[in-house]
Amino acid sequence: MNYSSIPVAQTVVMHCKAKGIKDIVISPGSRNAPLTIGFTEDPYFDCYSIVDERSAAFFALGMAQQWQRPVAVLCTSGSALLNYYPAVAEAFYSTVPLVLISADRPFYKIDVGDGQTIRQDHVFDRHIGYSANLKQDVSHATGKVRKYAPETMDGEVEKLQMGIQEYNDELLNKAMNLAIDRRLPVHINVPLEEPLYDKVTKPTVYPNCEVSHEKDAILENLEEFSKQWNSAKRKMVLVGVNYPNSIEEKFLDSLGTDPSVIVLTETTSNLHHPNFFPSIDSIIAPIEKSGHSEEMFKALQPDILLTFGGLVVSKKIKAFLRKYKPTQHWHIDPLRANDTFFALNHHFKEYANGFFNRFMPKSVHVDSEYFEFWDRFKSAYEAKRESYIKNIPFSDFLVFKNIFGKMPEGVQLQMANSSTIRYAQLFDLKPSLEVFCNRGTSGIDGSVSTAVGAAMANGKQTVLITGDLSFFYDSNGLWNKYLRPDFRIIVINNEGGGIFRILPGKEETETYATYFETTHGLDAAHLCKMYGLDYCSVKDEVALNDQLDDFFESSTIPKLLEIKTPRTLNNKILMEYFDFISSGIINHIL
């Protein structure tokens, strides 16, 4: 087996191997050649080649999202590294472990006019778990180091190199172990001098690789919290982004059958129970529009708010809980607790399933009308939703209803941001679907690349549902050889950023259409031809349902279905939905 002749390159590769970081997404370049050689020559590693660094980082994020373990990305020097930043920020706020490895020019060639050279050290500092800025070897290209940085050569080369090796080992251990333990992105910057392509057949370094072992959490006593829980008559459980099958069914049943508890779930929570409330905005919007909003919101205001999972999509529930604060807000997560509602009282630093395993035996069901009242509310809006759907024309709203109705059991569903995930929140999805969305930064960049990487890792059929702007923005996500033949993309093309038509400030002006909605006349046909996807376009309900009947069936190449919807009608249908379910619903249940 061949190794790079450069000690620091060997060191980085060996640390990855010792830590079990075996999946490496490589973007091409010359400066990173020593690292590329080290990873690709070792059969332990599974390497992927993706040209576009932004896409590569999101591809790796999709894999890490599925495997719940670190995935590494590797790039050359210069602006290549900066293209990682959108995925770095997403990984930071979604606690997805990425290991970002960048090759760098020698330190003495920074800011002297050398090509493809920028200040790479600490470039991600505000959104990174740790930055490991490694030291350059002095035992490699010693003559150049002595020529350009003689101040670093004060001593014997062998002793100087030993000090550099110890320093680099310390930083690499800290960075990689933090990625594993804290599920955060880390950056490893590797300065490399030419020659870059020389190989050796045996390693010349033997790094000190310290493998982290996660410490057992110190679990606090729950007696006082269980007393508060058992005395409260209005308890709300709100669940954001949550990994599928991470909570035992018996705990869901206990929460779902307690008369004093309502459980509000988001599409990304991957939690299902007949007594849960999966369409949060369909509860809040009718209250907002009623003449009894103060009375109703106070009736909904919980004594205790218990949250777990990641970030929450619904702006309405955030606004409600920020105004009508719970007396107690407890959050469960082993790593972090966001004070989203400015009411956080306590952070249980453990996994939700472990918490419930200790907490539920101490809890009792409390006599209350809290669940019963809001369950009647839910039944009322569900009936009105069905009635509304029967009478609306072809639009985004109707498209989502039909897509979810035809979705096969057991697929992985990757949702783009903006309108896509918000529409999904309005419907009850099949419990067997596994739903993911990049909600860390909620950006439209990277949804295609993330879905492709997630499909590669998961092994199940993966369906990406995306708007047109999200799709075109990240169309480079199709520029690789890792698209599975059962990969499916549904592009809902309303010729622009349709979400801007439902936001305050909407105007029917050329300026608004150009600079906010960014209208266009594009379709995905030529992209599909270029990247080898089967393409079909529909623009009415009959054609849509005909295509959906066999869209998910086995095929030899991936498929893309483009659904063209009426740009100026979609927002009216959505806003009228909230008006329709709101009309008379409060009087019906009071």
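Here the structure is a predicted model, which means the values were calculated and not measured.

Calculation notes
Residues numbered from 1 in each chain as written. Predicted model: local features only at pLDDT ≥ 70, side-chain atom pairs only at ≥ 80, totals over all residues. Heavy atoms only, no water. Buried < 20%, exposed > 50% of the residue type's maximum accessible area, 1.4 Å probe, protein only. Helix = DSSP H or I, 4+ residues; strand = E, 2+ residues; numbered from the N terminus. Core = buried A, V, L, I, M, F, W, Y, C linked by side-chain atoms within 4.5 Å. Contact = heavy atoms within 4.5 Å. Expected span 1.5 Å × (residues − 1). Axes fitted to C-alpha atoms, helices over the stretch in contact; angles between N-to-C directions. Parallel < 35°, antiparallel > 145°, perpendicular 65-115°, else oblique. Left-handed = near helix turned anticlockwise from the far one by under 90°. Nonpolar A, V, L, I, M, F, W, Y, C, P; charged D, E, K, R; others polar. Pairing = 2+ DSSP bridges. 1 Å grid on protein atoms, 1.4 Å probe; cavity = no way out; pocket = protein on both sides within 12 Å on 5 of 7 lines; lining within 4 Å. Points joined across faces, edges and corners; volume = space filled by probe spheres on them. Patch = residues over 30% accessible without salt bridge, like charges linked within 9 Å, V, L, I, M, F, W, Y side chains within 5 Å. Areas by Shrake-Rupley, 256 points an atom, 1.4 Å probe, with all protein chains shown as cover. Salt bridge = Lys/Arg side-chain N within 4 Å of Asp/Glu carboxyl O. Lys, Arg positive; Asp, Glu negative; His and termini not counted. Charge placed at Lys NZ, Arg CZ, Asp CG, Glu CD. Phe/Tyr/Trp six-rings, centres within 6.5 Å; stacked < 30°, edge-to-face > 60°. Lys NZ or Arg CZ within 6 Å of the ring centre and 35° of its normal.

Student: In this structure, what is going on with helix H9 (residues 281–289)? I would like to understand it.
Tutor: With seven of nine residues buried, H9 lies mostly within the body of the structure. Among all positions in H9, only Asp 281, Ser 282, Ile 283, Ile 284, Ala 285, Pro 286 and Ile 287 are buried.

Student: For this particular structure, what's the right way to read the nonpolar core?
Tutor: Buried together is how nonpolar side chains tend to be arranged in soluble globular proteins. Counting 69 residues, the largest nonpolar core has Trp 374, Phe 397, Leu 413 and Ile 465 as the members making the most contacts within it. At nine residues, helix H13 (residues 370–389) tops the list of elements feeding residues into this core. Ignoring anything within four residues of it in the chain, the contact list for Leu 413 reads Phe 404, Met 407, Leu 429, Leu 433, Glu 434, Val 435, Phe 436, Val 463 and Ile 465.

Student: Would you explain helix H3 (residues 53–67) in this entry?
Tutor: Owing to its 3.6 residues per turn, the α-helix aligns residues three or four sequence positions apart on the same side. Taking 1.5 Å per residue as the helical rise, H3 with its 15 residues ought to reach 21 Å, and the 21 Å between its terminal C-alpha atoms agrees with that figure. By the criterion of burial, H3 is predominantly enclosed, with 14 of the 15 residues buried. Residue Gln 68 follows H3 closely and has a positive phi angle near 60°.

Student: Please explain the packing of H9 against helix H10 (residues 293–300) as it appears in this structure.
Tutor: In helix packing, the relevant descriptors are the interaxial angle and the interaxial distance, both defined with respect to the helix axes. At a minimum axis separation of 8 Å, H9 and H10 run at an interaxial angle of 150°. Here H10 runs roughly antiparallel to H9, going by the angle between their axes. In this structure, H9 meets H10 at a crossing whose hand is left-handed. The residues of H10 that touch H9, namely those facing Ile 284, Ile 287 and Glu 288, are Ser 293, Met 296, Phe 297 and Leu 300. Residues belonging to the contact of H9 with H10 are distributed by class as follows: five nonpolar, one polar and one charged.

Student: Honestly, the sheet that holds strand E4 (residues 71–75) in this entry has me stumped. Any pointers?
Tutor: Working definition: the strands of a sheet are paired by backbone hydrogen bonds and lie parallel or antiparallel to each other. With respect to topology, six strands assemble into an open sheet ordered E3-E2-E4-E5-E7-E6, the strand pairing being parallel. With partners counted over all chains shown, the strands left at the sheet margins are strand E3 (46–49) and strand E6 (130–133), one partner each. Taking the axes of each pair of neighbouring strands and ignoring which way they run, one obtains an average angle of 20° across the sheet. In this sheet, E4 lies alongside strand E2 (residues 23–26) in parallel orientation, the contact comprising three bridges. Residue pairing in the sheet places Ile 24 in a bridge with Ala 72 of E4.

Student: Looking at this structure, how should I read empty space enclosed by the protein?
Tutor: Here the idea is plain: a probe the size of a water molecule rolls over the atoms and shows the empty space left. Inspection of every chain in the model, using the stated rule, returns two cavities of 30 Å³ or more. Within this model, the largest cavity holds a volume of roughly 40 Å³. Elements with a contribution of two residues or more to the lining of the largest cavity: strand E14 (412–415) and helix H16 (447–458). Here the lining of the largest cavity takes three residues from H16, the largest share from any one element. Of the residues that constitute the lining of the largest cavity, the class distribution is three nonpolar, six polar and no charged. Estimated volume of the second largest cavity: approximately 30 Å³.

Student: It is not clear to me how the layout of surface pockets should be interpreted in this structure. Could you clarify?
Tutor: Of the voids in this model, the largest pocket is the one considered here, and its volume is about 1000 Å³. Residue lining of the largest pocket: 47 residues in total, with Thr 95, Val 241, Gly 309, Gly 310 and Asp 333 positioned closest to the centre. Secondary-structure elements contributing two or more residues to the lining of the largest pocket are H3, helix H4 (85–94), strand E9 (235–239), strand E11 (304–308), helix H11 (315–323), strand E12 (328–332), helix H12 (352–359) and strand E15 (434–437). Here the residues of the lining of the largest pocket sort into 20 nonpolar, 19 polar and eight charged.

Student: What should I look at first to understand a negative patch on the surface in this one?
Tutor: A contiguous patch of negative charge on the surface is contributed by Asp 540, Glu 541, Asp 546, Asp 550 and Glu 553. Its location among the elements puts Asp 540 in the loop between strand E18 (534–538) and helix H20 (541–551). We classify Asp 540 as partly exposed; its relative accessible area is 36%.

Student: What should I look at first to understand the packing of H9 against H13 in this one?
Tutor: At a minimum axis separation of 10 Å, H9 and H13 run at an interaxial angle of 90°. Taken together, the axis directions place H9 and H13 in an arrangement best described as roughly perpendicular. For the pair H9 and H13, the contacting residues are Ser 282, Ile 283, Pro 286 and Ile 287 in the first and Trp 374, Phe 377 and Tyr 381 in the second. Tallied by class, the residues present in the contact of H9 with H13 amount to six nonpolar, one polar and no charged.

Student: What should I look at first to understand the environment of Leu 569 in this one?
Tutor: Looking at where Leu 569 falls in the secondary structure, it is placed in helix H21 (residues 567–582). Leu 569 gets classed as partly exposed once you look at its relative accessible area, which sits at 28%. Leaving out residues up to four positions away in the same chain, Leu 569 has contacts with Pro 393 and Phe 394.

Student: Help me understand the environment of Gly 497, please; the structure alone is not making it clear to me.
Tutor: Considering the arrangement of structural elements, one finds Gly 497 in the loop between strand E17 (488–493) and helix H18 (510–515). Owing to a relative accessible area of 8%, Gly 497 belongs among the buried residues under this scheme. C-alpha of Gly 497 to C-alpha of Ile 188: the two residues are 309 residues apart in sequence and 37 Å apart in space.

Student: Explanation requested: the packing of aromatic side chains in the structure shown.
Tutor: For any two aromatic rings, the description comes down to two numbers: the centre-to-centre distance and the angle of the planes. By the definition in use, this model includes 38 aromatic pairs. Ring geometry for Tyr 388 against Tyr 577: centres 5.8 Å apart, planes inclined by 55°, an arrangement best described as tilted. In this pair, Tyr 388 is assigned in helix H13 and Tyr 577 in helix H21, connecting sequence segments 189 residues apart. Overall, Tyr 388 belongs to the buried group, its relative accessible area being 7%. Residue Tyr 577 is classed as buried on the basis of its relative accessible area, which comes to 0%. Through a chain of ring-to-ring contacts, the aromatic side chains of Phe 225, Trp 229, Phe 251, Phe 308, Trp 330, Phe 348, Phe 355, Phe 356 and Phe 359 assemble into a single cluster. In this structure, Lys 135 packs its charged tip against the face of Tyr 167, placed 4.4 Å from the ring centre. Its guanidinium or amino end placed over the ring of Phe 277, Lys 378 lies 5.1 Å from that ring's centre, counting from NZ or CZ.

Student: Even after reading the chapter, I still don't get unusual backbone geometry, so can you show me in this structure?
Tutor: Among all residues save glycine, negative phi is the norm, and among peptide bonds the norm is trans. Residue Pro 195 follows Glu 194 across a cis peptide bond; omega there is 5°. Inspection of the secondary structure assignment puts Pro 195 in the loop between strand E7 (186–191) and strand E8 (199–200). Within the chain, Gln 68 stands out as a residue other than glycine whose phi angle is a positive 60°. As for its placement among the helices and strands, Gln 68 is situated in the loop between H3 and E4. One non-glycine residue, Ser 418, lies in positive phi territory at about 70°. Along the polypeptide, Ser 418 turns up in the loop between E14 and helix H15 (419–424). According to the relative accessible area criterion, Ser 418 is partly exposed, its value standing at 22%.

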